[in-house]
Amino acid sequence: MTADYPLLLRQLAALLDTRDWLTNSAQTCAFLMEAIPDLNWAGFYLHRMPETLCLGPFQGKPACHPIPFAKGVCGAAARTRRTQRIDDVHAVADHIACDAASRAELVVPIVVDDQLWGVLDLDSPIQGRFSEADQAGIEALVRVFMDRSDLVERA
Ligand code: SME
């Protein structure tokens, strides 16, 4: 099922009415979990230690922490600074399984002033859940979060 991304962009922009990255990141993952069908996890990992992602605000089951840049889908997004769109995480050798139910994953890097600030990670129990259109829509939602937040937290 697809989401109405133009509508979600307007709704998220209206929801984020502070500049506080912590408040906004908590609101953003709660919003995505409600608004995007078929997710079992939505959250942020923050680049707060060198070459390491630390678990930030999220919705879903308790998750893996910390994640080194060297490992997993989130690590690949952090290393390459490119969105990772995975149809079937079982096909990714070093995938970090936090929840056995997860099948598809989308991880969007968040880069500020040429520094990796963190990543947004979405998981779905449905294989192939994230299309190219979903990737573009979710990347646009991440840009709304970035534009509306003071992203001061860094390694
Ligand atoms: N599966 C991710 C780890 C994070 S969880 O899905 C919440 C990975 O391989 O990086």
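Just above, that's the structure.
Let me sum up the structure you'll find in this document. This is a predicted model, so every value here is computed, not measured. Every chain's residues receive numbers from 1 upward, in the order its sequence appears when written. Since the coordinates come from a predicted model, pLDDT governs what is reported: local features require at least 70, and pairs of side-chain atoms require 80 or more to be given and counted, while whole-chain, interface and lining totals use all residues. Hydrogens and waters are ignored; side-chain quantities use all the structure's heavy atoms.

1. Considering the state of the cysteines
Stated precisely, the cut-off is as follows: The criterion for a disulfide is a pair of cysteine sulfur atoms lying within 2.5 Å. Note on conventions: DSSP H or I runs of at least 4 residues are helices, E runs of at least 2 residues are strands, and numbering of each starts at the N terminus. Three exposure classes are used, based on accessible area relative to the maximum for each residue type with a 1.4 Å probe and protein chains only: buried under 20%, partly exposed in between, and exposed over 50%.
One pass over the full model with this rule turns up one disulfide. Shown here is the disulfide that connects Cys64 with Cys98, its sulfur atoms set 2.2 Å apart. Around the S-S axis, the bridge from Cys64 to Cys98 shows a dihedral of about -140° and counts as left-handed. Residue Cys64 is found in the loop between strand 2 (52-60) and strand 3 (67-68), and its partner Cys98 is found in the loop between strand 4 (84-86) and strand 5 (104-112); the two are separated by 34 residues along the sequence. With a relative accessible area of 17%, Cys64 lands in the buried category. In this model Cys29 remains outside any disulfide bridge; the closest cysteine sulfur is found in Cys74, 13 Å from its own. Overall, the relative accessible area of 1% leaves Cys29 in the buried class. No disulfide involves Cys54; its nearest neighbouring cysteine sulfur is the one of Cys74, lying 12 Å away. Using a relative accessible area of 6% as the deciding quantity, one classes Cys54 as buried.

2. Let's talk about the environment of Lys61
Worth spelling out the cut-off: Any pair of residues with heavy atoms lying within 4.5 Å of one another is described as a contacting pair.
By the element assignment, Lys61 lies in the loop between strand 2 and strand 3. Spatially, the C-alpha atom of Lys61 lies 14 Å from that of Tyr45, the residues being 16 residues apart in sequence. Apart from the residues within four sequence positions on either side, Lys61 is in contact with Trp41 and Asp99.

3. Quick notes on the environment of Arg148
Structurally, the position occupied by Arg148 is in the segment after helix 4 (132-147). Residue classification places Arg148 among the partly exposed positions, given a relative accessible area of 33%. C-alpha separation for the pair Arg148 and Asp17, spaced 131 residues apart in sequence, amounts to 7.8 Å. If sequence neighbours within four positions are ignored, Arg148 has contacts with Ala13, Leu16, Thr18, Arg19 and Asn24.

4. Concerning the site of the ligand
How we decide: Distances are taken per atom, and a residue is near a molecule or strand as soon as one of its heavy atoms is within 4 Å of it. For the purposes of these results, a polar contact is taken to be a pair of N or O atoms within 3.5 Å, where, inside protein, one atom must be able to donate a hydrogen and its partner to accept one; residues adjacent in sequence count only when each atom of the pair is a side-chain atom. In these tables, accessible area is a Shrake-Rupley quantity obtained with a 1.4 Å probe, and a residue counts as shielded only by the protein chains included in the view.
Around the ligand lies a shell of 13 residues, among which Val73, Cys74, Ile96, Cys98 and Asp123 are the nearest. Contact distances for the ligand include 2.7 Å between an oxygen atom and a side-chain N or O atom of Asp123. In isolation the ligand exposes 310 Å². Once the protein is present, 99% of that is buried. Elements that contribute at least two residues to the shell around the ligand include exactly strand 1 (41-49), helix 3 (72-80) and strand 6 (115-124). A per-element tally of the shell around the ligand places helix 3 first, with three residues.

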